[in-house]
Amino acid sequence: MAERSPTKIALAAAVTAALLFTAGCAGGRGGPKDTAFVARDVDSLYAAAKDRLDRGQPMIAAALFDEVERQHPYSPWARRAQLMSAFSYYLAKDYNKSIQAAQRFLSIHPGNRDAPYAYYLIALCYYEQISDVDRDQKITMQAKSTLTEVVRRFPNTRYAADAQIKLDLVNDHLAGKEMQIGRYYEKTGKWLAASLRFRNVVQNYQTTSHVPEALFRLVESSLALGVPEEAVKYAAVLGANYPGSKWYEKAFKLVQKYAPAATAGQ
């Protein structure tokens, strides 16, 4: 889940190029002394930060972009430096600082034309921290929330298109977690608790790859709970939507074996 997609890299590169264009002629490449946080004119300080970013030193670049804002808070460069600081921290995988910098940018410049990218960058920071389904899914829920916000606020942007793709993957991940918990409840004989998890998948994650199995598990749990009519209904839904799947074949055999009367009444 955390691998960087070509789409994301392209988007990040495009925004970076746009932000850095006006600074391209601000100064030449500096030496090691460019990391000394001494008072400097805004042009050379921004150019030093850009140079460090170009050289693959994002943490140093982030610190220098922060210094642009600190030393020249009322300069137009300060606004660009805020977002470039967020981007630099993101490249360095310091996601907390990246989120903080992007949120600061949005709090000061909520209507700026680069606001969509700031929201998108926050979403990426959460998305790249998604853990496997065996762990707590708090970060996954934050990724879902921030990706949804990008799609809602900026539906006609390239950021929304990429956010929607990632949102589909996040939903599949969350559905997988629900399935894992449901299967555990099944194994321990907690059929009602299991069925609630599987229903959640069917109702709230309808576009994910886990729905066919969730429907089959609902057939299983319904039979275990002594409601064969419900089992037959779930099997029918499974057959109507996924007629060629292995889960329908298994569900059909179950209801034929354990709920023949209910099947005959359909």
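See the structure printed just above.
Residues numbered from 1 in each chain as written. Predicted model: local features only at pLDDT ≥ 70, side-chain atom pairs only at ≥ 80, totals over all residues. Heavy atoms only, no water.

### Regarding the overall build of the protein
In terms of helices and strands, the protein carries 13 helices and 0 strands. The order of helices and strands in the protein, counted from the N terminus, is α-α-α-α-α-α-α-α-α-α-α-α-α. When the accessible surface of the protein is totalled, it reaches about 13,600 Å², and 55% of it is carbon and sulfur. (Helix = DSSP H or I, 4+ residues; strand = E, 2+ residues; numbered from the N terminus. Areas by Shrake-Rupley, 256 points an atom, 1.4 Å probe, with all protein chains shown as cover.)

### A few points about the packing of helix α4 (residues 76-91) against helix α6 (residues 115-127)
At their nearest, the axes of α4 and α6 sit 11 Å apart, and the two run at 20° to each other. Our classification of the angle between α4 and α6 gives roughly parallel. Regarding α4 and α6, the two cross each other, and that crossing is left-handed. Facing Leu83, Ala86, Phe87 and Tyr90 of α4, the residues of α6 in contact are Tyr117, Ala118, Leu121, Leu124 and Cys125. Of the residues contributing to the contact of α4 with α6, the split by class is 9 nonpolar, no polar and no charged. (Axes fitted to C-alpha atoms, helices over the stretch in contact; angles between N-to-C directions. Parallel < 35°, antiparallel > 145°, perpendicular 65-115°, else oblique. Left-handed = near helix turned anticlockwise from the far one by under 90°. Contact = heavy atoms within 4.5 Å. Nonpolar A, V, L, I, M, F, W, Y, C, P; charged D, E, K, R; others polar.)

### So, the nonpolar core
Phe65 and Val219 are the most contacted members of the largest nonpolar core, which totals 67 residues. In terms of residue count, α6 provides more of this core than any other element does, 11 residues in total. In this view, Val219 contacts Ala231, Tyr234, Ala235, Ala251, Leu254 and Val255; residues no more than four positions away in its chain are not counted. (Core = buried A, V, L, I, M, F, W, Y, C linked by side-chain atoms within 4.5 Å. Buried < 20%, exposed > 50% of the residue type's maximum accessible area, 1.4 Å probe, protein only.)

### Regarding the environment of Gly189
Counting through the fold element by element, Gly189 comes out in the loop between α8 (158-187) and α9 (191-204). Separated by 32 residues in the primary sequence, Gly189 and Ser221 place their C-alpha atoms 9.4 Å from one another.

### Examining unusual backbone geometry
The bulk of non-glycine residues show a negative phi, and the bulk of peptide bonds are trans. Residue Lys93 is not a glycine yet carries a positive backbone phi of 65°. Position of Lys93 relative to the elements: it lies in the loop between α4 and α5 (95-108).

### Some thoughts on the packing of aromatic side chains
Counting across every chain of the model gives 11 aromatic pairs. With a centroid separation of 6.0 Å and 50° between ring planes, the pair formed by Tyr184 and Tyr185 is classed as tilted. With relative accessibility at 49%, the residue Tyr184 sits in the partly exposed group. Among the aromatic residues, those joined into a cluster by ring pairs are Tyr46, Phe65 and Trp77. For Arg80, the ring lying beneath its charged end belongs to Trp77, and the centroid distance is 4.7 Å. (Phe/Tyr/Trp six-rings, centres within 6.5 Å; stacked < 30°, edge-to-face > 60°. Lys NZ or Arg CZ within 6 Å of the ring centre and 35° of its normal.)

### Some thoughts on the packing of α5 against α6
Packing of α5 against α6 brings their axes to within 9 Å, and their N-to-C directions diverge by 160°. As judged from the angle between their axes, α5 and α6 are roughly antiparallel. Crossing of α5 against α6: the hand is left-handed. Between α5 and α6, the residues in contact are Tyr95, Ser98, Ile99, Ala102, Gln103, Phe105 and Leu106 and Ala115, Ala118, Tyr119, Leu121, Ile122, Cys125 and Tyr126, respectively. Within the contact of α5 with α6, the residues separate by chemical class into 12 nonpolar, 2 polar and no charged.

### Let's talk about a nonpolar patch on the surface
On the surface, Leu192, Leu196, Leu225 and Val227 cluster together into a nonpolar patch covering about 350 Å² of accessible area. Topologically, Val227 is positioned in the loop between α10 (211-224) and α11 (228-241). (Patch = residues over 30% accessible without salt bridge, like charges linked within 9 Å, V, L, I, M, F, W, Y side chains within 5 Å. Salt bridge = Lys/Arg side-chain N within 4 Å of Asp/Glu carboxyl O.)

### What to know about the side chain of Ser98
One can find Ser98 in helix α5. Those residues within four positions of Ser98 in sequence are excluded, and the remaining contacts are Ala86, Tyr89, Tyr90, Leu121 and Cys125.

### A look at the pattern of salt bridges
Counted under the stated rule, the structure contains 13 salt bridges. For Asp51, the salt bridge is made with Arg55, and the minimal N-O distance between the two is 2.7 Å. Glu69 serves as the salt-bridge partner of Arg104, at 2.4 Å between the closest nitrogen and oxygen. One end of the pair, Arg104, is in helix α5; the other, Glu69, is in helix α3 (residues 58-71), with 35 residues separating them in the sequence. Note on Glu69: relative accessible area 14%, which makes it buried. A cluster of three or more residues bridged by salt bridges with shared partners is formed by Arg183, Glu186, Glu213, Arg217 and Glu220.

These figures come from the coordinates and say nothing about function on their own.
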